[in-house]
Amino acid sequence: MGAGGAGGILGALVWQPLERHWGPGPVMLGALTLNPLAQIPLVLVGPGLGGHVAIGIGMVIQTGAAVCHGGLQRAVRQKLAPDELQGRAQATGAWLAFSLRPFAAGGLGTWIGLRLTLTLITAALVIPFLVLWNSPVWDLSTVAPASLTVTEEPANP
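Residues numbered from 1 in each chain as written. Predicted model: local features only at pLDDT ≥ 70, side-chain atom pairs only at ≥ 80, totals over all residues. Heavy atoms only, no water.

**Remarks on the nonpolar core**
- In this structure, Trp15, Val27, Met28, Leu29, Leu32, Cys68, Leu72, Ala75, Val76, Phe129, Leu132 and Val137 together form the largest nonpolar core, which totals 12 residues.
- Of all the secondary structure elements, the ones that give two or more residues to this core are α2 (24–44), α3 (49–80) and α7 (126–133). (Core = buried A, V, L, I, M, F, W, Y, C linked by side-chain atoms within 4.5 Å. Buried < 20%, exposed > 50% of the residue type's maximum accessible area, 1.4 Å probe, protein only. Helix = DSSP H or I, 4+ residues; strand = E, 2+ residues; numbered from the N terminus.)

**Structural notes on the confidence of the model for the protein**
- In the predicted model, the protein carries a mean pLDDT of 83, and 87% of its residues have values of at least 70.
- Note on residues 144–152: pLDDT is under 50 here. Beyond four places in sequence and across chains, it has 9 contacts. (pLDDT = per-residue confidence, 0-100. Contact = heavy atoms within 4.5 Å.)

**Observations concerning empty space enclosed by the protein**
- What the rule picks out here adds up to 1 cavity of 30 Å³ or more.
- Space inside the largest cavity adds up to approximately 40 Å³.
- What lines the largest cavity is simply Ala38, Gln39, Pro41, Leu42, Ile55, Gly58, Met59 and Gln62.
- Grouping the amino acids of the lining of the largest cavity by side-chain chemistry returns 5 nonpolar, 3 polar and no charged. (1 Å grid on protein atoms, 1.4 Å probe; cavity = no way out; pocket = protein on both sides within 12 Å on 5 of 7 lines; lining within 4 Å. Points joined across faces, edges and corners; volume = space filled by probe spheres on them. Nonpolar A, V, L, I, M, F, W, Y, C, P; charged D, E, K, R; others polar.)

**A word on helix α1 (residues 2–22)**
- With 21 residues, α1 extends 29 Å from end C-alpha to end C-alpha; this agrees with the ideal 30 Å at 1.5 Å per step.
- The axis of α1 is deflected most strongly, by about 35°, at Val14, and proline Pro17 appears within four residues downstream.
- All of the buried residues in α1 are Gly4, Gly7, Gly8, Gly11, Trp15 and Glu19.
- Immediately beyond the C-terminal end of α1, within one or two residues, lies Gly23, with a positive phi of roughly 95°. (Expected span 1.5 Å × (residues − 1). Bend = angle between axes of the 7 residues up to and from the residue.)

**Notes on the side chain of Thr122**
- For Thr122, the position within the fold is in helix α6 (residues 114–124).
- Here Thr122 falls in the buried class, since its relative accessible area comes to 10%.
- With residues near it in sequence (within four places) discarded, Thr122 still touches Pro36, Gln39, Ile40 and Val43.

**Topic: the environment of Gly71**
- With respect to the helices, strands and loops of the structure, Gly71 is situated in helix α3.
- Between the C-alpha atom of Gly71 and that of Trp15, which follows or precedes it by 56 residues, the distance is 7.2 Å.

**Looking at the layout of surface pockets**
- Taken as a whole, the largest pocket encloses approximately 1,900 Å³ of empty space.
- The wall of the largest pocket is formed by 47 residues, among which His69, Leu96, Ala97, Arg101 and Pro128 lie closest to the centre.
- Among the elements that take part in the lining of the largest pocket, α3 stands out by supplying 14 residues, more than any other.
- Residue classes in the lining of the largest pocket are distributed as 31 nonpolar, 13 polar and 3 charged.
- Of the voids in this model, the second largest pocket is the one considered here, and its volume is about 160 Å³.
- Every residue lining the second largest pocket is counted, 13 residues in all, and those nearest its centre are Leu18, Val27, Ala31, Leu34 and Cys68.
- Mapped by element, the contributors of at least two residues to the lining of the second largest pocket are α1, α2 and α3.
- Residue composition of the lining of the second largest pocket, by class: 10 nonpolar, 3 polar and no charged.

**Notes on the packing of α1 against α2**
- It is the contact of α1 with α2, at a shortest axis distance of 7 Å, that shows an interaxial angle of 125°. As far as their axial angle goes, α2 and α1 are oblique. Of α2, the residues touching α1 (which contributes Leu18, Glu19 and Trp22) are Pro24, Pro26 and Val27.
- In terms of residue class, the contact of α1 with α2 is made up of 5 nonpolar, no polar and 1 charged. (Axes fitted to C-alpha atoms, helices over the stretch in contact; angles between N-to-C directions. Parallel < 35°, antiparallel > 145°, perpendicular 65-115°, else oblique.)

**Observations concerning the packing of α1 against α3**
- Put simply, α1 and α3 touch, their axes get as near as 7 Å, and they point 40° apart. As judged from the angle between their axes, α1 and α3 are oblique. Judged by the twist between their axes, the crossing of α1 over α3 is right-handed. Across from Ala3, Gly4, Gly5, Gly7, Gly8, Leu10, Gly11, Ala12, Trp15, Leu18 and Glu19 in α1, the residues of α3 making contact are Gly56, Met59, Val60, Thr63, Gly64, Val67, Cys68, Gly71, Leu72 and Ala75.
- Classifying every residue of the contact of α1 with α3 by side-chain character gives 11 nonpolar, 9 polar and 1 charged. (Left-handed = near helix turned anticlockwise from the far one by under 90°.)

Following this line, the structure appears as C-alpha coordinates:
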(Lines give C-alpha, C1' and ligand atoms only; values in the text may rest on other atoms or scores of the structure.)
Protein backbone atom coordinates (compact mmCIF):
# COMPACT_ATOMS: atom_id res chain seq x y z
CA MET A 1 0.00 0.00 0.00
CA GLY A 2 2.91 2.33 0.66
CA ALA A 3 4.21 1.70 -2.86
CA GLY A 4 0.78 2.60 -4.17
CA GLY A 5 0.89 5.87 -2.25
CA ALA A 6 4.24 6.71 -3.85
CA GLY A 7 2.72 5.99 -7.26
CA GLY A 8 -0.18 8.30 -6.46
CA ILE A 9 2.22 11.13 -5.64
CA LEU A 10 4.08 10.53 -8.91
CA GLY A 11 0.81 10.55 -10.85
CA ALA A 12 -0.21 13.83 -9.22
CA LEU A 13 3.12 15.38 -10.16
CA VAL A 14 3.17 14.31 -13.81
CA TRP A 15 -0.38 14.56 -15.12
CA GLN A 16 -0.37 18.29 -15.87
CA PRO A 17 3.00 18.34 -17.70
CA LEU A 18 1.99 15.24 -19.67
CA GLU A 19 -1.37 16.80 -20.56
CA ARG A 20 0.28 20.02 -21.73
CA HIS A 21 2.65 18.02 -23.95
CA TRP A 22 0.30 15.40 -25.45
CA GLY A 23 -3.23 16.59 -24.63
CA PRO A 24 -5.81 15.04 -22.33
CA GLY A 25 -7.06 12.23 -24.59
CA PRO A 26 -3.72 10.50 -25.21
CA VAL A 27 -2.62 10.89 -21.58
CA MET A 28 -5.88 9.47 -20.22
CA LEU A 29 -5.73 6.60 -22.71
CA GLY A 30 -2.14 5.90 -21.74
CA ALA A 31 -3.07 5.86 -18.06
CA LEU A 32 -6.04 3.59 -18.76
CA THR A 33 -3.73 1.25 -20.71
CA LEU A 34 -1.32 0.99 -17.79
CA ASN A 35 -4.03 0.26 -15.24
CA PRO A 36 -4.95 -3.32 -16.26
CA LEU A 37 -1.35 -4.12 -17.20
CA ALA A 38 -0.14 -3.10 -13.74
CA GLN A 39 -2.82 -5.32 -12.17
CA ILE A 40 -1.45 -8.47 -13.84
CA PRO A 41 1.18 -9.19 -11.13
CA LEU A 42 -1.59 -9.26 -8.53
CA VAL A 43 -3.24 -12.06 -10.51
CA LEU A 44 -0.14 -14.09 -11.38
CA VAL A 45 2.42 -13.94 -8.58
CA GLY A 46 2.61 -16.17 -5.57
CA PRO A 47 3.78 -15.56 -2.02
CA GLY A 48 7.32 -14.53 -1.20
CA LEU A 49 9.65 -11.60 -1.72
CA GLY A 50 9.47 -11.75 -5.53
CA GLY A 51 5.70 -11.59 -5.45
CA HIS A 52 5.75 -8.72 -2.98
CA VAL A 53 8.17 -6.73 -5.14
CA ALA A 54 6.15 -7.42 -8.32
CA ILE A 55 2.91 -6.35 -6.64
CA GLY A 56 4.62 -3.24 -5.19
CA ILE A 57 5.88 -2.19 -8.62
CA GLY A 58 2.44 -2.86 -10.08
CA MET A 59 0.86 -0.72 -7.34
CA VAL A 60 3.22 2.19 -8.08
CA ILE A 61 2.28 2.05 -11.75
CA GLN A 62 -1.43 1.43 -11.16
CA THR A 63 -2.01 4.18 -8.61
CA GLY A 64 0.18 6.59 -10.56
CA ALA A 65 -1.90 5.95 -13.66
CA ALA A 66 -5.15 6.16 -11.69
CA VAL A 67 -4.25 9.53 -10.16
CA CYS A 68 -3.01 10.81 -13.53
CA HIS A 69 -6.24 9.74 -15.23
CA GLY A 70 -8.41 10.89 -12.33
CA GLY A 71 -6.96 14.41 -12.27
CA LEU A 72 -7.39 14.76 -15.99
CA GLN A 73 -10.89 13.36 -16.16
CA ARG A 74 -12.01 15.72 -13.40
CA ALA A 75 -10.46 18.66 -15.23
CA VAL A 76 -12.19 17.60 -18.46
CA ARG A 77 -15.50 17.18 -16.64
CA GLN A 78 -15.13 20.63 -15.05
CA LYS A 79 -14.46 22.12 -18.46
CA LEU A 80 -17.35 20.38 -20.24
CA ALA A 81 -20.16 20.07 -17.67
CA PRO A 82 -22.31 23.12 -16.96
CA ASP A 83 -21.90 24.54 -13.46
CA GLU A 84 -25.34 23.36 -12.36
CA LEU A 85 -24.45 19.75 -13.29
CA GLN A 86 -21.01 19.58 -11.67
CA GLY A 87 -22.26 17.90 -8.49
CA ARG A 88 -24.38 15.41 -10.38
CA ALA A 89 -21.51 14.61 -12.75
CA GLN A 90 -19.14 14.02 -9.81
CA ALA A 91 -21.68 11.88 -7.96
CA THR A 92 -22.36 9.76 -11.05
CA GLY A 93 -18.65 9.25 -11.66
CA ALA A 94 -18.03 8.32 -8.03
CA TRP A 95 -20.97 5.90 -8.04
CA LEU A 96 -19.70 4.19 -11.19
CA ALA A 97 -16.15 4.01 -9.87
CA PHE A 98 -16.84 2.84 -6.33
CA SER A 99 -20.28 1.27 -5.95
CA LEU A 100 -19.50 -2.10 -7.49
CA ARG A 101 -16.28 -2.67 -5.56
CA PRO A 102 -17.82 -4.31 -2.48
CA PHE A 103 -19.89 -6.64 -4.64
CA ALA A 104 -17.00 -7.50 -6.96
CA ALA A 105 -14.34 -7.90 -4.31
CA GLY A 106 -16.39 -9.46 -1.53
CA GLY A 107 -19.35 -11.14 -3.15
CA LEU A 108 -17.73 -12.35 -6.34
CA GLY A 109 -14.54 -13.32 -4.52
CA THR A 110 -16.52 -15.48 -2.11
CA TRP A 111 -18.63 -16.99 -4.86
CA ILE A 112 -16.00 -17.88 -7.53
CA GLY A 113 -12.70 -17.51 -5.69
CA LEU A 114 -10.14 -14.77 -5.27
CA ARG A 115 -7.85 -15.50 -8.23
CA LEU A 116 -10.69 -15.72 -10.76
CA THR A 117 -12.26 -12.56 -9.32
CA LEU A 118 -8.97 -10.68 -9.67
CA THR A 119 -8.66 -11.95 -13.24
CA LEU A 120 -12.16 -10.74 -14.10
CA ILE A 121 -11.57 -7.36 -12.46
CA THR A 122 -8.30 -7.00 -14.38
CA ALA A 123 -10.11 -7.76 -17.64
CA ALA A 124 -12.89 -5.31 -16.72
CA LEU A 125 -10.29 -2.53 -16.35
CA VAL A 126 -10.14 -2.49 -20.16
CA ILE A 127 -13.73 -1.16 -20.34
CA PRO A 128 -12.90 2.47 -19.38
CA PHE A 129 -10.19 2.49 -22.06
CA LEU A 130 -12.68 1.33 -24.70
CA VAL A 131 -15.25 3.93 -23.61
CA LEU A 132 -12.70 6.75 -23.77
CA TRP A 133 -11.30 5.49 -27.08
CA ASN A 134 -14.75 6.00 -28.61
CA SER A 135 -15.35 9.42 -27.02
CA PRO A 136 -14.80 12.98 -28.33
CA VAL A 137 -12.07 13.65 -25.73
CA TRP A 138 -9.51 13.43 -28.54
CA ASP A 139 -10.65 16.87 -29.77
CA LEU A 140 -9.66 18.69 -26.58
CA SER A 141 -6.36 20.49 -26.98
CA THR A 142 -5.81 21.24 -23.31
CA VAL A 143 -7.66 21.39 -20.01
CA ALA A 144 -5.24 22.09 -17.19
CA PRO A 145 -4.54 25.80 -17.61
CA ALA A 146 -8.16 26.81 -18.19
CA SER A 147 -9.64 24.74 -15.40
CA LEU A 148 -6.93 24.83 -12.76
CA THR A 149 -5.39 28.30 -12.94
CA VAL A 150 -7.08 31.27 -11.27
CA THR A 151 -6.39 34.38 -13.32
CA GLU A 152 -8.21 36.97 -11.23
CA GLU A 153 -9.97 37.32 -7.91
CA PRO A 154 -13.73 36.73 -8.00
CA ALA A 155 -15.85 39.76 -7.16
CA ASN A 156 -17.47 39.87 -3.73
CA PRO A 157 -21.27 39.66 -3.96
